[in-house]
Amino acid sequence: LPALFKQELQNTEAEEGGTAILRCELTKPKAPVEWRKGDTTLYPGLKYEMKQQGSTAELFIYDLEPDDS
């Protein structure tokens, strides 16, 4: 069976220049997660950091700009 969301992403507010953390909980631990913004797949680097522990996946977005919304 595919992994499903136990808890959906919640809207997050953060200050320009700050960091936002998006977090979701899945029904299967260590299920592969692909973070996207629209049709664009996000990859780790200076701007984005992805972490996954068990069934929780997190996306850190650094140095926030208006285009990150």
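Just so we're clear, the structure is a prediction, and the values are computed from it rather than from any experiment. (Residues numbered from 1 in each chain as written. Predicted model: local features only at pLDDT ≥ 70, side-chain atom pairs only at ≥ 80, totals over all residues. Heavy atoms only, no water.)

Caption draft 1: Molecular detail of the overall build of the protein. Helices and strands together make up the secondary structure of the protein, namely zero helices and six strands. Counted from the first residue to the last, the protein has its helices and strands arranged as β-β-β-β-β-β. Along the first, second and third principal axes, the C-alpha set of the protein runs to 40 × 20 × 20 Å. The buried share of the protein, taken over its 69 residues, is 23%. Of the roughly 5400 Å² of accessible surface on the protein, a fraction of 50% belongs to carbon and sulfur atoms. Here the protein contributes 8 positive and 13 negative side-chain charges, whose respective centroids are spaced 11 Å apart. (Helix = DSSP H or I, 4+ residues; strand = E, 2+ residues; numbered from the N terminus. Buried < 20%, exposed > 50% of the residue type's maximum accessible area, 1.4 Å probe, protein only. Areas by Shrake-Rupley, 256 points an atom, 1.4 Å probe, with all protein chains shown as cover. Lys, Arg positive; Asp, Glu negative; His and termini not counted. Charge placed at Lys NZ, Arg CZ, Asp CG, Glu CD.)

Caption draft 2: Region of interest: the nonpolar core. The biggest cluster of nonpolar side chains holds 11 residues, and these are Ala20, Cys24, Leu26, Ala31, Trp35, Leu42, Tyr48, Ala57, Leu59, Ile61 and Leu64. Listed by contribution, the elements that provide at least two residues to this core are strand 2 (20-26) and strand 6 (56-61). Beyond its immediate sequence surroundings of up to four residues, Ile61 is in contact with Gly18, Thr19, Ala20, Leu22, Lys47, Tyr48 and Asp68. (Core = buried A, V, L, I, M, F, W, Y, C linked by side-chain atoms within 4.5 Å. Contact = heavy atoms within 4.5 Å.)

Caption draft 3: Spatial organisation of the pattern of salt bridges. Under the defined criterion, the tally for this structure stands at five salt bridges. Here Arg23 ties to Glu58 by a salt bridge, and the two come within 2.7 Å at their closest N and O atoms. Taken together, the residues span a long stretch of sequence, with Arg23 in strand 2 and Glu58 in strand 6 at a distance of 35 residues. Among the residues examined, Arg23 registers a relative accessible area of 44% and is labelled partly exposed. Judged by its relative accessible area of 16%, Glu58 is buried. When the shortest N-O distance is used, the salt bridge between Glu34 and Arg36 registers 2.6 Å. (Salt bridge = Lys/Arg side-chain N within 4 Å of Asp/Glu carboxyl O.)

Caption draft 4: Layout of the packing of aromatic side chains. Inspection of the entire model under this criterion finds one aromatic pair. Between Phe60 and Tyr62, the ring centres sit 6.3 Å apart and the planes meet at 15°, which makes this aromatic pair stacked. Given a relative accessible area of 27%, Tyr62 falls into the partly exposed group. (Phe/Tyr/Trp six-rings, centres within 6.5 Å; stacked < 30°, edge-to-face > 60°.)

Caption draft 5: Inspection of the pairing of strand 6 at higher detail. Within strand 6, five of the six residues are buried, which leaves it mostly tucked inside the rest of the structure. Sheet topology note: the strand 2/strand 6 ladder contains six bridges and is antiparallel. In the strand pairing of strand 6, Glu25 is matched with Thr56. Bridge analysis of strand 5 (residues 48-53) against strand 6 gives six bridges, and the strand direction is antiparallel. Bridging from a neighbouring strand, Tyr48 pairs with Ile61 of strand 6. (Pairing = 2+ DSSP bridges.)

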